[in-house]
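# Summary of structural features
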Amino acid sequence: MNTPTHLLIGLAACGKAHAPRVNLAAAIGALMPDLSLYLLSIHAIWWRGVSPQIVFDEYYFSDAWQAVFQVDNSFVLWGGLLIFAFWRGPIWLRAFAGAGFLHLCFDFPFHNDDARAQFWPLTDWVFHSPLSYWDVDHHGGWVALAELGLVVLLLGILWRRHHGMLGRIGLGLTAASVILPAVIFSAL
């Protein structure tokens, strides 16, 4: 799924009304599994001048990048953190770990060739789903449509929960980052 959708899922499932620290923890947790991809890509494209095509066609699949991805996309590590958070952790840690774990749960069924090792360090095995959130050869158009519906639903839930203007602007911008490209590209 797209990262902004993960953010909305994490906030809806793990955030709370009138609890900014919990909401911040949920937002950061929802973003963490994709953070390394953004940092590595930004470094390669902006600082080293590598073309995006090389970054996403070659670097993404390199052993070095996949070694990083298997850490921040590990059900084992996120699951361990989530168990610890519910056993001994404060509510913000539960929100952080819960949102991160949910990110992995929603990525698992929607990554085909771009899947990562989800159960590291126990195994390097990778589940390649028959579905993709972006690749039309693996039903990406239908998955994207379902994702848009989910974004609208989550936006409605979060809109009712959060009444502050800044929060609503943030929610609107996050939802727009998923909805607008879909609308624009479907019109082309």
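Residues numbered from 1 in each chain as written. Predicted model: local features only at pLDDT ≥ 70, side-chain atom pairs only at ≥ 80, totals over all residues. Heavy atoms only, no water.

## A word on the overall build of the chain
Note the cut-off: In this text, helices come from DSSP runs of H or I with a minimum length of four residues, and strands from runs of E with a minimum of two, each type numbered from the N-terminal end. Put simply, the radius of gyration uses C-alpha atoms, and a globule should come to 2.2 Å times the residue count raised to 0.38. Working definition: with a 1.4 Å probe on protein chains only, accessible area under 20% of the residue-type maximum means buried, over 50% means exposed, and in between means partly exposed. Contact definition: two residues touch when any of their heavy atoms are within 4.5 Å. Under the convention used here, a 1.4 Å probe and the Shrake-Rupley method define accessible areas, while residue burial counts only the protein chains that appear. By the counting scheme adopted, Arg and Lys are positive, Glu and Asp are negative, and His together with the chain ends is not counted. By convention, the charge on Lys lies at NZ, on Arg at CZ, on Asp at CG and on Glu at CD.
Secondary structure assignment for the chain yields eight helices and zero strands. Taken from N to C terminus, the helices and strands of the chain fall in the order α-α-α-α-α-α-α-α. At 17 Å, the chain has a C-alpha radius of gyration in line with the 16 Å of a compact globule built from 188 residues. Overall, the chain is about 45 × 45 × 35 Å in size when its C-alpha atoms are taken along their principal axes. The 188 residues of the chain split such that 40% are buried. When contacts within the chain are restricted to residue pairs at least 6 apart in sequence, long-range pairs at least 24 apart make up 58% of them. Surface exposure of the chain reaches about 10,600 Å², of which carbon and sulfur atoms provide 72%. A gap of 25 Å separates the mean positions of the 9 positive and 12 negative side-chain charges of the chain.

## Some words on the packing of helix H2 (residues 20-47) against helix H6 (residues 91-107)
For clarity, the cut-off: Note on method: axes are straight lines fitted to C-alpha atoms, helices fitted across the in-contact stretch only, with angles between N-to-C directions ranging 0 to 180 degrees. Crossings are classed by handedness, with left-handed meaning an anticlockwise turn of the near helix from the far one by less than a right angle and right-handed meaning a clockwise turn.
In the contact formed by H2 and H6, the axes pass within 7 Å of each other and the chain directions differ by 35 degrees. Relative to H6, H2 is oriented so that their crossing is right-handed. For the pair H2 and H6, contact is made by Arg-21, Val-22, Ala-25, Ala-26, Ile-28, Gly-29, Ala-30, Met-32, Pro-33 and Asp-34 and by Ile-91, Trp-92, Ala-95, Phe-96, Ala-99, Gly-100, His-103, Leu-104 and Asp-107, respectively.

## Focus: helix H1 (residues 3-14)
Our working definition: The span one expects for a helix is its residue count, reduced by one, times 1.5 Å.
Helix length check: H1 (twelve residues) gives 16 Å between terminal C-alpha atoms against 16 Å at 1.5 Å per residue, within 8%. For H1, the tally of buried residues reaches ten of twelve residues, placing the bulk of the element in the interior. Along H1, the positions that sit buried rather than exposed are Thr-3, Thr-5, His-6, Leu-7, Leu-8, Ile-9, Gly-10, Leu-11, Ala-12 and Cys-14.

## Some thoughts on the side chain of Thr-174
Along the chain, Thr-174 falls in helix H8 (residues 165-187). With near-sequence residues (within four places) excluded, Thr-174 lies in contact with Pro-4, Leu-7 and Leu-8.

## What to know about the packing of helix H5 (residues 75-88) against H6
Quick note on the threshold: Each angle receives one of four descriptions, namely roughly parallel if under 35 degrees, roughly antiparallel if over 145, roughly perpendicular if within 65 to 115, and oblique otherwise. Residue type decides the class: Asp, Glu, Lys and Arg count as charged, Ala, Val, Leu, Ile, Met, Phe, Trp, Tyr, Cys and Pro as nonpolar, and the leftover types, Gly among them, as polar.
Relative orientation of the contacting elements H5 and H6 amounts to 150 degrees, with a least axis distance of 9 Å. Classed by the angle they form, the pair H5 and H6 counts as roughly antiparallel. By crossing handedness, the relation of H5 to H6 is classed as left-handed. Across from Phe-75, Trp-78, Gly-79, Leu-81, Leu-82, Phe-84, Ala-85 and Phe-86 in H5, the residues of H6 making contact are Leu-93, Arg-94, Phe-96, Ala-97, Gly-98, Gly-100, Phe-101, Leu-104 and Cys-105. Taken together, the residues that form the contact of H5 with H6 break down as 13 nonpolar, three polar and one charged.

## A few points about the nonpolar core
This is how it is decided: What we call a nonpolar core is a set of buried Ala, Val, Leu, Ile, Met, Phe, Trp, Tyr and Cys residues that are connected through their side-chain atoms within 4.5 Å.
If you look at the biggest cluster of nonpolar residues, it comprises 32 residues, and the most contacted ones within it are Leu-8, Leu-11, Ala-26, Ala-95 and Leu-158. Taken together, the elements giving at least two residues each to this core come down to H1, H2, H5, H6, helix H7 (140-161) and H8. Contact partners of Ala-95, with chain neighbours within four places excluded, come to Cys-14, Val-22, Ala-25 and Ala-26. Counting residues in each nonpolar core, the second largest holds seven residues, with Leu-37, Val-50, Trp-65 and Phe-69 among its members.

Shape descriptors only; they carry no functional weight alone.
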